[in-house]
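Residue strings, one per chain:
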Amino acid sequence: MNYSRIFFPNVVETGEGAIHNTPYWVKHFGGNRVLIITDKNIRKLGFPGIIKAGLSKENIEAVIWDDVSPNPDLLTVRKGLEALSSNKCNLVIGIGGGSVIDAAKAVAVAAANGSDIHECLGLYKVLKRALPKILIPTTSGTGSEATQASVLVDERTDKKVVLYSEYNMAETVILDYELTYNLPPRVTADTGIDALCHAIEAFASNNSSSFTDSIALTAIKKAGKYLVRAYKEGNNDKPARRGMADASFNAGVSFCGAGLGAAHGLAYPLIKYNVSHGRSVGVFLPWIMKYNLPYTEEKYALIATALDESCGSLPQKEAAAKSVVIIKKILKDLNISYHLKDYGVKKEDISAMAESAFLSTGRLLKSNPAPVTMENAKEIYKRAF
Ligand SMILES: [Fe+2]
């Protein structure tokens, strides 16, 4: 049976300089010693230091732990738990990209449940409310600050594992636009196409609802208007940066409720070729949209119109097909190739890659509007080559 759920953080505070309100929310949620989870790049940019100094003025001690690397594994979460307990912290702040935020949520959940992170994995197995957590994204893409999921890697099997829990939802999300103003172009492109893919897959998902649809469509419109601008203009186009931060959060809310689709389902093996998560889903997006077209013509026509108003006057079938053309153009403008061969994938690799993606992310394929069998997955990989 298909179903839709709605999850939402307790508080979402949005605006330039909102990071300076972090101490208010720490006090509000009873934090007296705080673990600020981040990575080394973000620490260098100084944002965690700003939070620590603000807390210090309120006589709240904070420890910065910056050992999260991209695609965090279970060992990273265990080390975060050690940092949390050795410093006797009772509130977690996650500030960074999706990897940092996923790790921070997992640390807060496992800490409150007194268990190894392994026991918290899976769908809604966590029994106790997590430690309070404040999530502050520094990129505009993953939407992790808005979701109930932590995506992690089990280092023993090298497989992707997920922790889904309503207790993963933030007590406060702080969307401070200023933190994204100086994102490098490549990060802007990779994370931004991830956000657009979240919104498109949530909108077309078998598990979507009118609530998730309206938020997804808003995200698609904003990303269509602002993503390429933010990539090309960077710090010179602040409205585009703000638009993408909003698009990313909205897309996160929509896919948190509606789920994702086959672009996310088939993309994971590309990470082994040093392709970022966002870029990998971007590679598959036009191929999956083309594959899905006959099953979701009406929604794809609406996507095309959200991305380009002039499609509203086209017959539905034509507008739906145009959505794929528009996505290819956006990818081109972002200098993202949608061909696997451009990422070092060899023809002989693709069958095993398709099999591994199919077996490890079947959950995402269920919400995809068109059914995807193992044979279909291999065929899509071949087309994407
Ligand atoms: Fe994603």
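Being a predicted model, the structure only gives us computed values, none of them experimental.

Asker: Tell me about the overall build of the protein chain, and name the residues and values.
Answerer: A count of helical and extended segments in the protein chain gives 16 helices and 9 strands. For the protein chain, the C-alpha radius of gyration of 20 Å lies close to 21 Å, the compact-globule estimate for 385 residues. Seen through its C-alpha atoms, the protein chain measures out along the principal axes to roughly 60 × 45 × 40 Å. Looking at the protein chain as a whole, 56% of its 385 residues qualify as buried. Looking at the protein chain alone, contacts between residues at least 24 apart form 77% of all its contacts between residues at least 6 apart.

Asker: Explain the environment of Ile288 to me, using residue names and the numbers behind them.
Answerer: If you trace the backbone, Ile288 turns up in helix H11 (residues 277–292). Sequence separation between Ile288 and Ser210 is 78 residues, and the spatial gap between their C-alpha atoms is 23 Å. If near-sequence neighbours (up to four positions away) are discounted, Ile288 is found in contact with Gly261, Ala262, Ala263 and Ile380.

Asker: How would you summarise the pairing of strand E9 (residues 172–175) if you had to cite specific residues and measurements?
Answerer: Burial of the side chains of E9 extends over both faces: Thr172 and Ile174 are buried on one face and Val173 and Leu175 on the other. With 4 bridges connecting them, strand E1 (residues 11–14) and E9 associate as parallel partners. Bridge pairing in E9 links Val12 to Val173. Taken together, the 2 bridges between strand E6 (residues 133–137) and E9 define a ladder with parallel strand orientation. Among the inter-strand pairings, Ile134 is bridged to a residue of E9, identified as Thr172.

Asker: Tell me about the sheet that holds E6, and name the residues and values.
Answerer: Pairing in this open sheet of 6 strands is parallel, and the strands run E1-E9-E6-E4-E2-E3 from one edge to the other. Two strands in the sheet have a free side with no partner beyond their single neighbour: E1 and strand E3 (61–65). In this sheet, adjacent strand axes meet at a mean angle of 15° when their direction is disregarded. Where helix H5 (residues 98–113) meets the sheet, it contacts strand E2 (33–37), strand E4 (91–96) and E6, and its direction lies at approximately 170° from that of E4.

Asker: Any details on the sheet that holds strand E5 (residues 122–123)? Residues and values, ideally.
Answerer: Pairing within the open sheet is mixed, and its 3 strands lie in the order E5-E8-E7. The open sheet terminates on both sides in strands that have one partner only, identified here as E5 and strand E7 (149–154). Sheet topology places E5 next to strand E8 (residues 159–164); 2 bridges connect them, and they run parallel. Across the sheet, the residue bridging to Leu123 is Tyr164, located in E8. Running at roughly 95° to E7, H5 makes contact with E7 and E8 of the sheet.

Asker: Please set out the domain arrangement of the protein chain residue by residue, giving values where relevant.
Answerer: It is common to report an interface's size as the accessible area lost on association of the parts. Domain annotation of the protein chain identifies domain 1 (11–180) and domain 2 (185–384). The C-alpha centroid of domain 2 is placed 26 Å from the C-alpha centroid of domain 1. Contacts between the two partners involve 16 residues from domain 1 and, on the opposite side, 22 residues from domain 2. Classifying every residue of the side of domain 1 that touches domain 2 gives 3 nonpolar, 10 polar and 3 charged.

Asker: So what's going on with the packing of helix H7 (residues 185–204) against helix H9 (residues 238–258)? Residues and values would help.
Answerer: The interhelical angle for the contact between H7 and H9, taken along N-to-C directions, is 35°, at an axis separation of 8 Å. Classified by chirality, the crossing of H9 by H7 is left-handed. Touching Gly192, Ala195, His198, Ala199, Glu201, Ala202 and Phe203 of H7 are Met244, Ala247, Ser248, Ala251, Gly252, Ser254, Phe255 and Ala258, all from H9.

Asker: Any chance you could break down the packing of H11 against helix H16 (residues 374–384) for me, citing the residues and the numbers?
Answerer: The N-to-C vectors of H11 and H16 enclose an angle of 125°; their axes lie 10 Å apart at closest approach. With respect to their mutual orientation, H11 and H16 come out oblique. Classified by chirality, the crossing of H16 by H11 is right-handed. Between H11 and H16, the contacting residues are Val283, Phe284, Trp287, Ile288 and Tyr291 on the first element and Ile380, Arg383 and Ala384 on the second. Residues of the contact of H11 with H16, tallied by class, amount to 7 nonpolar, no polar and 1 charged.

Asker: Can you lay out the nonpolar core for me, pointing to particular residues and giving the numbers?
Answerer: Core analysis: the largest hydrophobic core is formed by 132 residues, its most contacted members being Ile37, Val107, Ala199, Ile220, Ala223 and Phe284. Composition of this core by domain shows at least three residues from each of domain 1 (11–180) and domain 2 (185–384). Apart from the residues lying within four places of it in its own chain, the contact partners of Ile37 are Trp65, Val68, Gly80, Val92, Ile93, Gly94, Val100, Ala103, Ala104 and Val107.

Asker: For helix H13 (residues 316–333), give the residues involved together with the corresponding values.
Answerer: With 18 residues, H13 should reach 26 Å at 1.5 Å per residue; the first-to-last C-alpha distance of 26 Å fits that figure. Turning to H13, its buried residues are Ala319, Ala320, Lys322, Ser323, Val324, Ile327, Ile330 and Leu331. For H13, the secondary structure elements touched by its buried residues are H7, helix H8 (210–233), H11 and helix H12 (297–307).

Asker: An account of the environment of Ala216 is requested, with residue identities and associated values reported.
Answerer: As for its placement among the helices and strands, Ala216 is situated in helix H8. Separated by 13 residues in sequence, Ala216 and Phe203 place their C-alpha atoms 5.6 Å apart.

Asker: Outline H16, supporting the account with residue identities and numerical values.
Answerer: Among the residues making up H16, those that are buried are Ala377, Ile380, Tyr381 and Ala384. Angularly, the buried residues of H16 cover 100° about the axis, an arc narrow enough to put them on a single face. Check the buried side of H16 and you find it contacts helix H10 (262–267), H11 and helix H14 (350–360).

Asker: Break down the pairing of E8 for me, citing the residues and quoting the values.
Answerer: The sheet contact formed by E7 and E8 spans 6 bridges and is antiparallel. Bridge pairing links Ser150 to Leu163 in E8. The turn joining E7 and E8, which pair antiparallel and follow one another in sequence, is formed by 4 residues; a positive phi near 65° is taken by Asp158.

Cut-offs used in this document
Residue numbers restart at each chain and count upward from 1, following the sequence in its written direction. In keeping with the model being predicted, local features are shown solely for residues with a pLDDT of at least 70 and side-chain atom pairs are shown and tallied solely at 80 or more, while totals for entire chains, interfaces and linings include all residues. Working definition: helices are DSSP H or I runs of at least four residues, strands are E runs of at least two. Numbering for both runs from the N terminus. Two things to know: the radius of gyration comes from C-alpha atoms, and the globule rule equals 2.2 Å times the number of residues to the power 0.38. Any residue surrounded by 20 or more other C-beta atoms within 10 Å of its C-beta is treated as buried, while 12 or fewer makes it exposed and the intermediate range makes it partly exposed; C-beta atoms here are placed from the backbone. Each residue gets a C-beta atom placed from its backbone, and two residues are in contact if those atoms lie within 7 Å. Any two strands with at least two DSSP bridges between them are considered paired. All axes are obtained by fitting lines to C-alpha atoms, using only the stretch in contact for helices, and the reported angles, taken between N-to-C directions, cover 0 to 180 degrees. What marks off one domain from the next here is an automatic or database domain assignment. Asp, Glu, Lys and Arg are counted as charged, while Ala, Val, Leu, Ile, Met, Phe, Trp, Tyr, Cys and Pro are counted as nonpolar; the rest, among them Gly, fall into the polar class. Should the near helix be turned anticlockwise from the far one by less than a right angle, the crossing is termed left-handed; should it be turned clockwise, right-handed. Each angle is binned into one of four classes, with values under 35 degrees roughly parallel, values over 145 roughly antiparallel, values of 65 to 115 roughly perpendicular, and all other values oblique. When buried Ala, Val, Leu, Ile, Met, Phe, Trp, Tyr and Cys residues are joined through C-beta atoms within 7 Å, the set is termed a nonpolar core. To estimate the expected span of a helix, subtract one from its residue number and multiply by 1.5 Å. The arc refers to the directions leading from the helix axis to the C-beta atoms.

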